[in-house]
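Letter by letter, the chains look like this.
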Amino acid sequence: MKLKLIGLAIGLANLTFSQSQLPADSISMSGQLTQIELLSLIDTTEVSENNVFIPIERLIQRTEGANIISRGNFAQDPMLRSYKNSQINVTLNGMRMFGACTDRMDPITSYAETSNLESISVSHGGNADLNSNALGGGLNLNLKEASFSGTPKTSGLFGSSLASNTSGINLFGQLNHQNKRWGLFLQASAKKYGNYYAGGGEEVEFSHYQKMNTTANFAYKLSKKEVLKVNFLYDKAVDVGYPSLPMDVGIAEATVAGVNYQNFNSGKLINNWEAMAYYNSIYHEMDDTKRPNVPMHMDMPGWSKTFGAWVKAESQQFSNHKFNGIFEYYQNSRRAEMTMYPDNEMPMFMLTWPDVMRNTGGIGVKDNWKLNTRFSLVSSIRLDVFCSNITTDFGKQHLEIFGYDVEEGILEPIFSWKENLTYQLNSNTQLFTNLAYAERSPDVSELYGFFLFNAHDGYDYIGNPELKKEQAWQAELGISQSFEKINWSFRGYFHHVNNYIIGRTDSIIDAMTIGANGVRVYTNLPHAQLMGFESNINCSISREWLITGNAQYTHCAENTGQPLPLIAPLQTRIKLTWANNSWYANAEWQWSNAQNRVNSNFGDRPTPAYSLINASVGKNWTLGKVLLKTELQGFNLLDHYYRNHLSWGQIPQMGRNITFNVIFKI
Amino acid sequence: MKIFKTLFIPLLAIALFATSCKKEETTPTTPTEDPLSEYVLISESQVNALDYTVKVYAQEALFVGYNYILVQVEDNASGEILNNPDVMFMPVMEMNSGMMHACPLEQPTYNTSLQVMEGTITFVMPSMGMGKWNLGLKLKNSSGTEEEIKIEVDIVQKAEPQLFSFISANDSNQRVFVALVNPRMPKIGINDFEIAVYEKQTMMSWPAVELLNIEIDPEMPTMGHGSPNNENPTDMGEGHYLGKVNFTMSGYWKVNMKFKTSTNEMMKDDAFFDITF
């Protein structure tokens, strides 16, 4: 029995993948594991034995409307409909977390592991779900959690993957115990990857990494309608190379703990509600000691600590209305330092994040209104208050150099509102449209960053405490049809963002980083526009054959018509899957158009088109009570040399990679 | 519902309170017992004619440059520290060559909170090897009796010079001495940049130089960068010029300076102070 709170934003993410004719086990690695939940527009990628060895970032990349910015083979940065960084909300099991690296080498997605996830849910646009207080939607990593069972059960899952490219190894083990009263889930994983080789055999230096992760979840049934859960996660990556950047990472370490209380059938007004309190702490340390030709050795540690709590509730059905509410508070403190060691001189020191603390409180309400059998309208509003402070005089003194008054904090209300209208044309066809207004508070780097080097455009970035919040008007139209053998959907959108935040070159201030092109100060553009579409199609040819395909495109421009930097070109994937009872195989064609709409001011360079062929074959074995799965996966089989437009520094992507995966289920 | 109320309401209260953006109150620093405990005792002398004990304090060991000198005068008869005693600085260097010269100074005024006479002396060379510095103090009591005492002091040259001199490019008879007054405790951020400028007219006459136009340009030679929003020092009177220097990071900074006359004729275009912190 699944004790998930359907209807809560978290719960929505757990809506399971609709059963296709294929046995679940046989949907392969690169599967079309997303499905549109029409009303909420949340795309959920379930993690199963079939994709457990695919890095989180690659799973995100396969989600509609999503992309990743890479600086190497590790910790790629998610992007939703070309919104990035703090324009999107990234949460771990509903917990707010913020990376500790000033150069975004540690997006939150890098602190989890596919094998400890239940699913990844992605929603687009402002107020996409009640959890979101940014412009571009949300991405939540749902951790695997313990559950209950009438008869006590203990099961285990163990897996190992070997990769030809990178000489990589990935191991994980899980233990799951369930009984009537309590459940326990334990997991540990370890990965080690060497440098990868681009198509044609060129070694990409400093692309290696190692990582371990442990997760524990304990669930206890307090009563028939109350569940208490305790979560713990520890993740540590060491010796991580970033080929796009002038330095690597020595340690990236996160500790996460949370307590969750769920209450079902709560009363006449409230159907169910859930509360959570959490804490997480991240330590991140860059490392340039292994690089040749470093002009000066430097240490760059960063810290980020967050604690928070939220309450989410869902009402009973009142005639044709149903309400959801959220109340949330969190506090994030961040500090980053840089110390440089010149020869025969005193070390040089500065704060790059000058002891910043942000307090955020938010409240949101959503109304699901079934107007009649054909129309339904979902309205939601959310109001947040962001308060940003520099907590130490030492930190304040840094920003005062630029003439900013940072003595008082910045208090900023952030509002978002969304109307989503769905029309059921007939039993096969749904049409929907939505209109949203959303705001985003500038983030820590944008407000208070102090000489943060951006390796993509080669500028040192300086924050601006006088930035205005971004304000977006977003419109979207969509259609989805499903028939017995085929279903497809299309979503098109247009977003107009006022006060879009971007760097503007300041020729007066000297760059701090040796060899940098200059200094950029964050500033508000009058506006920017983002538009595009996503489409997908699933076609079951027979019981054994399935074709899936998708395409996505965004077109983004500054107010002057100049393209925004780092925007992906048109991309498509078409995949053919075959499966019988124990064997399965698939082949995938992945194509990306050239990107010639570039903004060379920001380090963009035109990127040629490329196409790749991926394939895999596997077999499921049953050996008594043990299920064994063996699989060969091939990625970029033709060993094509290509660049992804969203890769910093124009480094080539990985060439042919064959992995051999084994999974035991006991 | 009960748990809902007991949990939700406190949470709401906490969140609203914590998000209120209140400035945290700083705890006041506790005053130290002896107001002079942060200073260095340079000497303690008896003034026999007046029956005084004179203690000389400074912020640190005396050095070549701009020194704050604090003089505490105690009446031995009453055991009390005198308020606003009549004290005059008369520093003299007796050089090994037999020559004698004075140096720039600012005669002391009374500092009520510390109960001392406070002034400054800008020593222009170290005592080591060059000769002997005498910190001459002339004291006078209310009945007009005066006595001059000589206190031999050791003047050190700091590793990072706090004073330099140059011959004006505009006037080869003008020898200018520039002492760094601030920043004493340099920090990342905006620092007061204050210098005191004097000239040597005769061996015993070292008046302040006023009405100069001074430009500054800080840089980190190791990194090859400077800093934004510096303010050139402007004339504050009595040879003092006050501006702002911004340090974007700690480490070795070189504050380059140009000195021009009031009519903008260049006196020195390559002066600098090294400031490392």
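Not measured: the values here are computed from a predicted model.

Observations concerning the overall build of chain A
Then step 1. When helices and strands are tallied, chain A shows 4 helices and 36 strands.
Then step 2. Here chain A has a C-alpha radius of gyration of 24 Å; the compact-globule value for 666 residues is 26 Å, and the two agree.
Then step 3. Each principal axis of the C-alpha atoms in chain A carries an extent, and together these give about 70 × 60 × 50 Å.
Then step 4. Considering chain A as a whole, with its 666 residues, one finds that 63% of them fall into the buried category.
Then step 5. Across chain A, contacts joining residues at least 24 apart in sequence account for 68% of those joining residues at least 6 apart.

Section: the packing of aromatic side chains
All names here are of chain A.
Then step 1. This model, assessed by the stated rule, comprises 31 aromatic pairs over all chains.
Then step 2. Plain terms: the ring middles of Phe349 and Phe394 are 6.2 Å apart, the flat faces sit at 20° to each other, and that makes the pair stacked. Separated by 45 residues along the polypeptide, Phe349 in strand β20 (residues 348–370) and Phe394 in helix α3 (residues 393–400) bring together distant segments of the chain.
Then step 3. For the pair Phe450 and Phe451, a centre-to-centre distance of 5.0 Å together with 85° between the ring planes defines the contact as edge-to-face.

Details of the interface of chain B and chain A
How big an interface is tends to be stated in terms of accessible area lost as the parts join.
Then step 1. The interface of chain B with chain A comprises 33 residues on the first partner and 44 residues on the second.
Then step 2. Both faces considered, chain B and chain A share a buried interface measuring about 3200 Å² in area, 75% of it formed by carbon and sulfur atoms.
Then step 3. Where chain B packs against chain A, one counts 0 salt bridges.
Then step 4. When residues of the side of chain B that touches chain A are traced back to their parent elements, those giving at least two are α1 (2–18), β14 (189–199), β16 (225–226) and β18 (240–247) of chain B.

Section: the confidence of the model for chain B
Then step 1. Per-residue pLDDT for chain B has a mean of 89; in total, 88% of the residues score no lower than 70.
Then step 2. In the model output, the complex is listed with pTM 0.88 alongside ipTM 0.84.

Some remarks on the sheet that holds β16(B)
All names here are of chain B.
Then step 1. The strand order β16-β15-β19-β20 describes an open sheet built from 4 strands, whose pairing is antiparallel. A single partner strand is all that each edge strand has here, and the edge strands are β16 and β20 (266–276).
Then step 2. Summarising the sheet, strand β19 (residues 252–260) and β20 pair through 8 bridges and their orientation is antiparallel. Pairing of Phe259 across the sheet is with Lys268, part of β20.

Calculation rules
- Per chain, the residues get numbers from 1 upward, laid out in the order the sequence is written.
- Here chains are named by letter from A upward and ligands by number from 1 upward, in the order in which they appear as written.
- For a predicted model such as this one, the threshold for reporting local features is a pLDDT of at least 70, and the threshold for listing and counting side-chain atom pairs is 80 or more; totals across whole chains, interfaces and linings nevertheless cover every residue.
- As a rule here, side-chain values cover all heavy atoms of the structure and leave hydrogens and water aside.
- Helix and strand definitions follow DSSP, with helices as H or I runs of at least four residues and strands as E runs of at least two, each counted in order from the N terminus.
- A radius of gyration in this sense is built from C-alpha atoms; the matching globule rule multiplies 2.2 Å by the number of residues raised to 0.38.
- Relative accessible area decides the class of each residue, using a 1.4 Å probe on protein chains only: under 20% of the type maximum gives buried, over 50% gives exposed, and in between gives partly exposed.
- Two residues qualify as a contact provided that any one of their heavy atoms is within 4.5 Å of a heavy atom in the partner residue.
- In summary, the pairing rule links any two rings of Phe, Tyr or Trp, Trp by its six-membered ring, whose centres are within 6.5 Å, and it sorts them by plane angle into stacked for under 30 degrees, edge-to-face for over 60 and tilted for everything else.
- Accessible area that two parts lose when put together, evaluated with a 1.4 Å probe and summed over both, is termed the buried area.
- What makes a salt bridge here is a side-chain nitrogen of Lys or Arg within 4 Å of a carboxyl oxygen of Asp or Glu, nothing more.
- Per residue, pLDDT measures the predictor's confidence, with a range of 0 to 100.
- The pairing criterion is simple: DSSP has to find at least two bridges between the two strands.

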